[in-house]
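Structure at a glance
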Amino acid sequence: MKILGIETTCDETACSIVENGKKILSNVIHSQMEHVEYGGVVPALASSLHLKEIDKVAHRALKVSGIGIDDIDAVAVSHGPGLSGAISIGVSFANGVSIATGKKVIYVNHVHAHLYATYMSHDRVDLPCIGVVLSGGHSFIVEIKSFSDYRLFGDCIDDAVGEAFDKVAKMLGLNYPGGPEVEKRAMLGEYLYKFSRCKAPQGKYYFSNSGLKTQVMYAIKEAKKNNYFNDKFKNDICRSFQEVLFKDICIKVSSAINESGIKTVLFGGGVVNSKSLRNYLNYNLNKDVRLLYPKTSLSLDNAAMIAGMAYELKDNDSALNKDIETRIPWK
Ligand code: KG4
Ligand code: ZN
(Lines give C-alpha, C1' and ligand atoms only; values in the text may rest on other atoms or scores of the structure.)
(Ligands and ions follow the chains in the order given, each with its own letter.)
Protein backbone atom coordinates (compact mmCIF):
# COMPACT_ATOMS: atom_id res chain seq x y z
CA MET A 1 0.00 0.00 0.00
CA LYS A 2 1.51 3.34 -1.10
CA ILE A 3 0.58 6.42 0.90
CA LEU A 4 1.24 10.07 -0.02
CA GLY A 5 2.13 11.94 3.21
CA ILE A 6 1.77 15.71 3.64
CA GLU A 7 3.29 17.81 6.43
CA THR A 8 2.75 21.57 6.91
CA THR A 9 2.29 22.09 10.67
CA CYS A 10 5.11 24.61 11.11
CA ASP A 11 7.90 25.84 8.80
CA GLU A 12 8.59 22.76 6.66
CA THR A 13 6.54 21.98 3.54
CA ALA A 14 7.05 18.25 3.07
CA CYS A 15 5.62 15.41 0.95
CA SER A 16 6.63 11.77 0.84
CA ILE A 17 5.56 8.42 -0.55
CA VAL A 18 5.92 5.46 1.82
CA GLU A 19 5.03 1.86 1.03
CA ASN A 20 3.56 -0.37 3.75
CA GLY A 21 4.59 1.88 6.64
CA LYS A 22 8.36 1.62 6.33
CA LYS A 23 9.68 1.63 2.77
CA ILE A 24 10.41 5.26 1.86
CA LEU A 25 10.08 5.86 -1.90
CA SER A 26 10.59 9.63 -1.59
CA ASN A 27 10.99 12.19 1.22
CA VAL A 28 10.97 15.79 -0.06
CA ILE A 29 11.35 18.62 2.46
CA HIS A 30 11.29 22.35 1.72
CA SER A 31 12.47 24.33 4.79
CA GLN A 32 11.27 27.92 4.99
CA MET A 33 14.48 29.84 5.63
CA GLU A 34 12.59 33.16 5.38
CA HIS A 35 11.84 33.01 9.15
CA VAL A 36 15.53 33.21 10.16
CA GLU A 37 15.65 36.99 9.87
CA TYR A 38 12.73 37.30 12.33
CA GLY A 39 14.39 35.04 14.93
CA GLY A 40 11.39 32.65 14.98
CA VAL A 41 8.50 31.32 12.90
CA VAL A 42 6.02 33.99 11.69
CA PRO A 43 2.65 32.15 11.39
CA ALA A 44 1.12 34.16 8.50
CA LEU A 45 4.36 33.96 6.51
CA ALA A 46 4.47 30.18 7.10
CA SER A 47 0.96 29.77 5.63
CA SER A 48 1.69 31.79 2.49
CA LEU A 49 4.96 29.93 1.88
CA HIS A 50 3.24 26.54 2.27
CA LEU A 51 0.66 27.66 -0.28
CA LYS A 52 3.42 28.68 -2.68
CA GLU A 53 5.41 25.44 -2.35
CA ILE A 54 3.00 22.58 -1.65
CA ASP A 55 2.15 21.53 -5.20
CA LYS A 56 5.82 21.70 -6.30
CA VAL A 57 6.89 19.58 -3.32
CA ALA A 58 4.10 17.05 -3.98
CA HIS A 59 5.02 16.74 -7.69
CA ARG A 60 8.67 16.25 -6.74
CA ALA A 61 7.76 13.52 -4.23
CA LEU A 62 5.80 11.66 -6.92
CA LYS A 63 8.58 12.09 -9.48
CA VAL A 64 11.33 10.84 -7.13
CA SER A 65 9.25 7.81 -6.16
CA GLY A 66 8.58 7.00 -9.83
CA ILE A 67 4.82 6.65 -9.41
CA GLY A 68 1.82 8.67 -10.61
CA ILE A 69 -0.91 10.18 -8.44
CA ASP A 70 -3.30 7.36 -9.45
CA ASP A 71 -0.90 4.79 -8.00
CA ILE A 72 -1.35 6.01 -4.43
CA ASP A 73 -3.75 4.12 -2.17
CA ALA A 74 -4.42 6.89 0.39
CA VAL A 75 -3.42 10.44 1.35
CA ALA A 76 -2.10 11.12 4.86
CA VAL A 77 -1.89 14.58 6.38
CA SER A 78 -0.70 15.97 9.65
CA HIS A 79 -3.68 17.73 11.29
CA GLY A 80 -1.77 19.12 14.28
CA PRO A 81 -0.61 20.16 16.73
CA GLY A 82 0.84 23.26 15.09
CA LEU A 83 -0.06 26.56 13.47
CA SER A 84 -3.71 26.48 12.40
CA GLY A 85 -3.20 28.50 9.19
CA ALA A 86 -0.23 26.37 8.15
CA ILE A 87 -2.05 23.10 8.90
CA SER A 88 -5.08 24.27 6.86
CA ILE A 89 -2.92 24.42 3.73
CA GLY A 90 -1.84 20.78 4.06
CA VAL A 91 -5.30 19.56 5.06
CA SER A 92 -6.96 21.40 2.14
CA PHE A 93 -4.36 20.08 -0.28
CA ALA A 94 -4.87 16.51 0.99
CA ASN A 95 -8.63 16.82 0.58
CA GLY A 96 -8.13 18.17 -2.95
CA VAL A 97 -6.03 15.11 -3.82
CA SER A 98 -8.67 12.90 -2.23
CA ILE A 99 -11.48 14.43 -4.33
CA ALA A 100 -9.39 14.14 -7.50
CA THR A 101 -8.32 10.52 -6.93
CA GLY A 102 -11.18 9.08 -4.87
CA LYS A 103 -8.65 7.88 -2.23
CA LYS A 104 -9.30 8.36 1.49
CA VAL A 105 -7.58 10.90 3.74
CA ILE A 106 -5.92 9.57 6.91
CA TYR A 107 -5.25 12.18 9.63
CA VAL A 108 -2.04 11.82 11.62
CA ASN A 109 -0.94 13.56 14.81
CA HIS A 110 2.37 15.29 14.16
CA VAL A 111 4.03 14.64 17.53
CA HIS A 112 3.02 10.99 17.65
CA ALA A 113 4.50 10.73 14.16
CA HIS A 114 7.87 11.93 15.54
CA LEU A 115 7.89 8.69 17.55
CA TYR A 116 6.87 6.71 14.48
CA ALA A 117 9.86 8.27 12.67
CA THR A 118 12.12 6.48 15.14
CA TYR A 119 10.07 3.27 14.92
CA MET A 120 10.42 3.22 11.11
CA SER A 121 14.17 3.97 11.34
CA HIS A 122 14.86 0.55 12.90
CA ASP A 123 14.18 -2.99 11.70
CA ARG A 124 12.79 -4.80 14.69
CA VAL A 125 10.97 -2.83 17.38
CA ASP A 126 8.46 -4.56 19.64
CA LEU A 127 5.72 -2.59 21.40
CA PRO A 128 5.10 -1.49 24.11
CA CYS A 129 7.92 1.06 24.16
CA ILE A 130 8.50 4.23 26.08
CA GLY A 131 8.21 7.25 23.76
CA VAL A 132 9.98 10.53 24.47
CA VAL A 133 9.28 13.56 22.25
CA LEU A 134 11.56 16.58 22.57
CA SER A 135 10.68 19.11 19.88
CA GLY A 136 10.30 22.85 19.40
CA GLY A 137 6.69 22.88 20.53
CA HIS A 138 6.32 19.76 22.69
CA SER A 139 8.05 17.66 25.32
CA PHE A 140 6.42 14.55 26.75
CA ILE A 141 6.94 10.97 27.84
CA VAL A 142 4.39 8.25 27.01
CA GLU A 143 4.02 4.50 26.96
CA ILE A 144 3.30 3.51 23.34
CA LYS A 145 0.96 0.51 23.47
CA SER A 146 0.23 0.91 19.76
CA PHE A 147 0.39 3.93 17.44
CA SER A 148 -3.23 4.67 18.33
CA ASP A 149 -3.01 3.92 22.07
CA TYR A 150 -0.75 5.87 24.42
CA ARG A 151 -0.47 6.25 28.20
CA LEU A 152 0.86 9.62 29.29
CA PHE A 153 3.62 9.78 31.91
CA GLY A 154 3.92 13.56 31.67
CA ASP A 155 4.10 16.47 29.25
CA CYS A 156 5.27 20.05 29.44
CA ILE A 157 3.70 22.81 31.52
CA ASP A 158 5.56 25.75 29.93
CA ASP A 159 8.49 26.01 27.46
CA ALA A 160 9.16 22.81 25.51
CA VAL A 161 12.78 21.65 25.53
CA GLY A 162 13.43 22.89 21.95
CA GLU A 163 11.71 26.17 22.74
CA ALA A 164 13.99 26.65 25.77
CA PHE A 165 17.02 26.08 23.49
CA ASP A 166 15.65 28.64 21.00
CA LYS A 167 14.91 31.25 23.69
CA VAL A 168 18.30 30.90 25.38
CA ALA A 169 19.96 31.18 21.96
CA LYS A 170 17.98 34.36 21.27
CA MET A 171 19.03 35.89 24.63
CA LEU A 172 22.64 35.16 23.71
CA GLY A 173 22.23 36.76 20.27
CA LEU A 174 22.57 33.42 18.40
CA ASN A 175 20.66 32.48 15.25
CA TYR A 176 17.32 30.64 14.98
CA PRO A 177 16.82 27.69 15.35
CA GLY A 178 18.87 27.93 18.52
CA GLY A 179 19.38 24.25 19.38
CA PRO A 180 22.25 23.48 16.98
CA GLU A 181 23.93 26.83 17.81
CA VAL A 182 23.77 26.16 21.55
CA GLU A 183 25.07 22.62 21.04
CA LYS A 184 28.10 23.90 19.05
CA ARG A 185 28.97 26.49 21.68
CA ALA A 186 28.41 24.05 24.55
CA MET A 187 31.18 21.83 23.11
CA LEU A 188 33.62 24.73 23.65
CA GLY A 189 32.31 25.75 27.06
CA GLU A 190 32.79 24.76 30.70
CA TYR A 191 30.12 23.67 33.16
CA LEU A 192 30.59 26.72 35.41
CA TYR A 193 27.06 27.92 36.15
CA LYS A 194 25.21 25.58 38.49
CA PHE A 195 21.63 26.28 37.39
CA SER A 196 18.97 24.27 39.15
CA ARG A 197 16.59 21.79 37.58
CA CYS A 198 12.97 23.01 37.69
CA LYS A 199 10.36 20.67 39.09
CA ALA A 200 6.76 20.91 37.93
CA PRO A 201 4.03 20.68 40.61
CA GLN A 202 2.11 18.23 38.35
CA GLY A 203 4.65 15.48 39.09
CA LYS A 204 8.09 14.08 38.31
CA TYR A 205 7.37 13.30 34.64
CA TYR A 206 6.24 16.83 33.75
CA PHE A 207 8.69 19.20 32.06
CA SER A 208 9.03 22.80 33.23
CA ASN A 209 11.78 24.85 31.61
CA SER A 210 10.79 28.49 32.00
CA GLY A 211 12.49 28.75 35.44
CA LEU A 212 15.76 27.55 33.94
CA LYS A 213 15.40 30.12 31.16
CA THR A 214 14.93 32.83 33.84
CA GLN A 215 18.11 31.71 35.66
CA VAL A 216 19.99 32.05 32.37
CA MET A 217 18.45 35.49 31.82
CA TYR A 218 19.75 36.74 35.21
CA ALA A 219 23.24 35.36 34.49
CA ILE A 220 23.22 37.24 31.16
CA LYS A 221 22.12 40.48 32.88
CA GLU A 222 25.02 40.15 35.33
CA ALA A 223 27.47 39.51 32.52
CA LYS A 224 26.28 42.53 30.55
CA LYS A 225 26.38 44.76 33.65
CA ASN A 226 29.93 43.65 34.53
CA ASN A 227 31.30 43.60 30.97
CA TYR A 228 32.02 39.91 30.50
CA PHE A 229 29.27 39.11 27.96
CA ASN A 230 31.85 37.61 25.58
CA ASP A 231 32.33 34.37 23.63
CA LYS A 232 33.75 32.48 26.61
CA PHE A 233 30.75 33.48 28.74
CA LYS A 234 28.30 32.45 25.97
CA ASN A 235 30.00 29.06 25.55
CA ASP A 236 29.96 28.42 29.31
CA ILE A 237 26.28 29.40 29.56
CA CYS A 238 25.41 27.04 26.67
CA ARG A 239 27.32 24.18 28.31
CA SER A 240 25.80 24.81 31.75
CA PHE A 241 22.23 25.20 30.41
CA GLN A 242 22.52 22.06 28.28
CA GLU A 243 23.92 20.06 31.20
CA VAL A 244 20.89 20.80 33.42
CA LEU A 245 18.39 20.09 30.64
CA PHE A 246 20.06 16.78 29.74
CA LYS A 247 20.16 15.75 33.39
CA ASP A 248 16.46 16.55 33.76
CA ILE A 249 15.54 14.50 30.66
CA CYS A 250 17.72 11.61 31.82
CA ILE A 251 16.18 11.49 35.32
CA LYS A 252 12.63 11.49 33.90
CA VAL A 253 13.35 8.77 31.32
CA SER A 254 15.17 6.65 33.89
CA SER A 255 12.14 6.82 36.25
CA ALA A 256 9.78 5.83 33.41
CA ILE A 257 12.00 2.82 32.59
CA ASN A 258 12.20 1.71 36.23
CA GLU A 259 8.50 2.20 36.91
CA SER A 260 7.19 0.50 33.77
CA GLY A 261 9.85 -2.19 33.35
CA ILE A 262 9.84 -1.42 29.60
CA LYS A 263 13.27 -1.87 28.06
CA THR A 264 12.97 0.02 24.75
CA VAL A 265 12.83 3.82 24.46
CA LEU A 266 11.99 5.65 21.22
CA PHE A 267 13.24 9.25 21.15
CA GLY A 268 11.74 11.70 18.64
CA GLY A 269 11.60 15.41 17.77
CA GLY A 270 14.18 17.93 16.61
CA VAL A 271 16.14 18.10 19.88
CA VAL A 272 17.15 14.44 19.66
CA ASN A 273 19.18 15.50 16.64
CA SER A 274 21.72 16.65 19.23
CA LYS A 275 24.72 14.29 19.27
CA SER A 276 25.59 15.64 22.72
CA LEU A 277 22.17 14.60 24.06
CA ARG A 278 22.45 11.13 22.52
CA ASN A 279 25.92 10.67 24.03
CA TYR A 280 24.69 11.86 27.43
CA LEU A 281 21.71 9.47 27.43
CA ASN A 282 23.69 6.52 26.05
CA TYR A 283 26.30 7.05 28.78
CA ASN A 284 23.96 7.69 31.72
CA LEU A 285 20.99 5.39 31.15
CA ASN A 286 21.01 1.73 32.06
CA LYS A 287 22.99 -0.30 29.50
CA ASP A 288 20.41 -3.09 29.23
CA VAL A 289 17.83 -0.64 27.82
CA ARG A 290 17.55 -0.18 24.04
CA LEU A 291 17.69 3.55 23.23
CA LEU A 292 16.50 4.26 19.69
CA TYR A 293 16.82 7.51 17.73
CA PRO A 294 15.45 8.52 14.32
CA LYS A 295 17.77 8.35 11.36
CA THR A 296 18.98 11.79 10.26
CA SER A 297 16.58 12.15 7.32
CA LEU A 298 13.62 11.58 9.66
CA SER A 299 14.68 13.53 12.73
CA LEU A 300 13.40 17.00 11.79
CA ASP A 301 9.88 17.67 10.48
CA ASN A 302 9.18 15.45 7.45
CA ALA A 303 6.26 13.77 5.69
CA ALA A 304 7.67 10.22 5.61
CA MET A 305 6.77 9.84 9.28
CA ILE A 306 3.21 10.99 8.44
CA ALA A 307 2.81 8.58 5.49
CA GLY A 308 4.44 5.78 7.53
CA MET A 309 2.23 6.19 10.57
CA ALA A 310 -0.91 6.45 8.42
CA TYR A 311 -0.34 2.82 7.42
CA GLU A 312 -0.79 1.87 11.11
CA LEU A 313 -4.01 3.92 11.30
CA LYS A 314 -5.55 2.96 7.95
CA ASP A 315 -8.20 0.67 9.46
CA ASN A 316 -8.93 2.98 12.38
CA ASP A 317 -12.18 4.88 11.65
CA SER A 318 -11.34 7.66 14.07
CA ALA A 319 -8.32 8.59 11.90
CA LEU A 320 -10.58 9.30 8.93
CA ASN A 321 -12.50 12.28 10.23
CA LYS A 322 -10.57 14.86 12.25
CA ASP A 323 -10.54 18.57 12.96
CA ILE A 324 -7.41 20.66 12.86
CA GLU A 325 -5.70 20.53 16.25
CA THR A 326 -3.47 23.28 17.52
CA ARG A 327 -2.80 21.53 20.84
CA ILE A 328 -1.98 17.93 21.66
CA PRO A 329 -4.99 15.87 22.82
CA TRP A 330 -4.34 13.17 25.41
CA LYS A 331 -7.85 11.88 25.95
O1 KG4 B 1 10.65 18.53 15.85
P2 KG4 B 1 11.11 19.80 15.25
O3 KG4 B 1 11.84 19.74 13.93
O4 KG4 B 1 9.92 20.81 15.06
C5 KG4 B 1 8.84 20.86 15.91
O6 KG4 B 1 7.92 20.02 15.74
O7 KG4 B 1 8.89 21.72 16.82
O8 KG4 B 1 12.04 20.49 16.35
C9 KG4 B 1 12.65 21.75 16.19
C10 KG4 B 1 13.41 22.05 17.48
C11 KG4 B 1 13.93 23.49 17.54
O12 KG4 B 1 13.55 24.04 18.78
C13 KG4 B 1 15.44 23.33 17.46
O14 KG4 B 1 16.16 24.33 18.17
C15 KG4 B 1 15.64 21.96 18.09
O16 KG4 B 1 14.57 21.19 17.59
N17 KG4 B 1 16.92 21.35 17.71
C18 KG4 B 1 17.93 21.12 18.57
C19 KG4 B 1 19.01 20.60 17.81
N20 KG4 B 1 18.61 20.52 16.50
C21 KG4 B 1 17.32 20.99 16.47
N22 KG4 B 1 18.00 21.32 19.91
C23 KG4 B 1 19.18 21.00 20.51
N24 KG4 B 1 20.28 20.54 19.85
C25 KG4 B 1 20.24 20.33 18.52
N26 KG4 B 1 21.32 19.86 17.88
ZN1 ZN C 1 7.95 18.41 14.70
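Residues numbered from 1 in each chain as written. Chains lettered and ligands numbered in written order. Predicted model: local features only at pLDDT ≥ 70, side-chain atom pairs only at ≥ 80, totals over all residues. Heavy atoms only, no water.

As a further point, take the pairing of strand β2 (residues 12-19). As a general feature of sheets, a regular strand has side chains that alternate between the two faces. Burial of β2 is extensive: seven of the eight residues sit out of reach of the surface. Relative to β2, strand β1 (residues 2-7) runs antiparallel, the two sharing six bridges. When the bridges of β2 are listed, G5 appears paired with S16. In textbook terms, the turn of a hairpin is the stretch between consecutive antiparallel strands, and for β1 and β2 this stretch comprises four residues. By the bridge criterion, eight bridges tie β2 to strand β3 (residues 23-31) in an arrangement that is antiparallel. Looking at β3, one finds that I17 is bridged to S26. The hairpin turn running from β2 into β3, its antiparallel successor, is three residues long, and N20 in that turn takes a positive phi close to 50°. (Buried < 20%, exposed > 50% of the residue type's maximum accessible area, 1.4 Å probe, protein only. Helix = DSSP H or I, 4+ residues; strand = E, 2+ residues; numbered from the N terminus. Pairing = 2+ DSSP bridges.)

Bringing the coordination of the zinc ion (ligand 2) into the picture now. Within the protein, the atoms that donate to the zinc ion (ligand 2) are H110 (NE2), H114 (NE2) and D301 (OD), at distances of 2.1 to 2.2 Å. Geometry at the zinc ion (ligand 2) is irregular, judged from the four donor atoms that bind it and their angles of 93 to 138° at the metal. Every donor residue of the zinc ion (ligand 2) comes from the same chain, spaced as H-x3-H-x186-D. One end of the pair, H110, is in helix α3 (residues 110-120); the other, D301, is in the loop between β10 (290-292) and α9 (304-313), and 191 residues separate them in sequence. A residue is classified by how much of its surface remains accessible, and H110, at 6% relative accessible area, is buried. A relative accessible area of 14% places D301 in the buried class. (Donors = N, O, S within 2.8 Å, 3.2 Å for Na, K, Ca; no water. Tetrahedral: all angles 85-135°; square planar, octahedral: opposite > 155°, others 65-115°.)

Another aspect to go through is the pattern of salt bridges. As a working rule, side chains carrying opposite charge can pair if their charged atoms are close by. Under the criterion given, the structure shown has 16 salt bridges. Linking R124 and D126 is a salt bridge whose minimum nitrogen-to-oxygen distance equals 3.8 Å. With a relative accessible area of 55%, R124 lands in the exposed category. Here R185 ties to D231 by a salt bridge, and the two come within 3.1 Å at their closest N and O atoms. Of this pair, R185 sits in helix α5 (residues 178-188) while D231 sits in helix α7 (residues 231-260); the two residues are 46 residues apart in sequence, bridging distant segments of the chain. The class for D231 is partly exposed, based on a relative accessible area of 47%. Bridged by salt links that share partners, the residues D159, E163, K167 and K213 form one connected network. (Salt bridge = Lys/Arg side-chain N within 4 Å of Asp/Glu carboxyl O.)

A few words now on empty space enclosed by the protein. Tallied over the full model, the rule gives one cavity of 30 Å³ or more. In terms of lining residues, the largest cavity is bounded by R197, C198, S208, N209, L212, V244, L245 and D248. Examining the composition of the lining of the largest cavity, we find that three residues originate from one element, α7, more than from any other. The class makeup of the residues in the lining of the largest cavity is four nonpolar, two polar and two charged. (1 Å grid on protein atoms, 1.4 Å probe; cavity = no way out; pocket = protein on both sides within 12 Å on 5 of 7 lines; lining within 4 Å. Points joined across faces, edges and corners; volume = space filled by probe spheres on them. Nonpolar A, V, L, I, M, F, W, Y, C, P; charged D, E, K, R; others polar.)

The topology assignment puts S139 in strand β7 (residues 139-146). Separated by 2.8 Å, the side chain of S139 and the backbone nitrogen of V161 make a polar contact. Not counting residues within four places of it along the chain, the set of residues in contact with S139 comprises V133, L134, G154, D155, C156, A160, V161 and F207. (Polar contact = N/O pair within 3.5 Å; in protein donor to acceptor, adjacent residues only side chain to side chain. Contact = heavy atoms within 4.5 Å.)

With their axes 9 Å apart at the nearest point, helix α1 (residues 43-65) and helix α2 (residues 84-101) run at an angle of 30° to one another. Between α1 and α2, the crossing angle belongs to the class labelled roughly parallel. You can see that α1 and α2 cross each other, and the crossing is right-handed. Contact residues: S47, H50, L51, I54, D55 and A58 in α1; G85, A86, I89 and F93 in α2. (Axes fitted to C-alpha atoms, helices over the stretch in contact; angles between N-to-C directions. Parallel < 35°, antiparallel > 145°, perpendicular 65-115°, else oblique. Left-handed = near helix turned anticlockwise from the far one by under 90°.)

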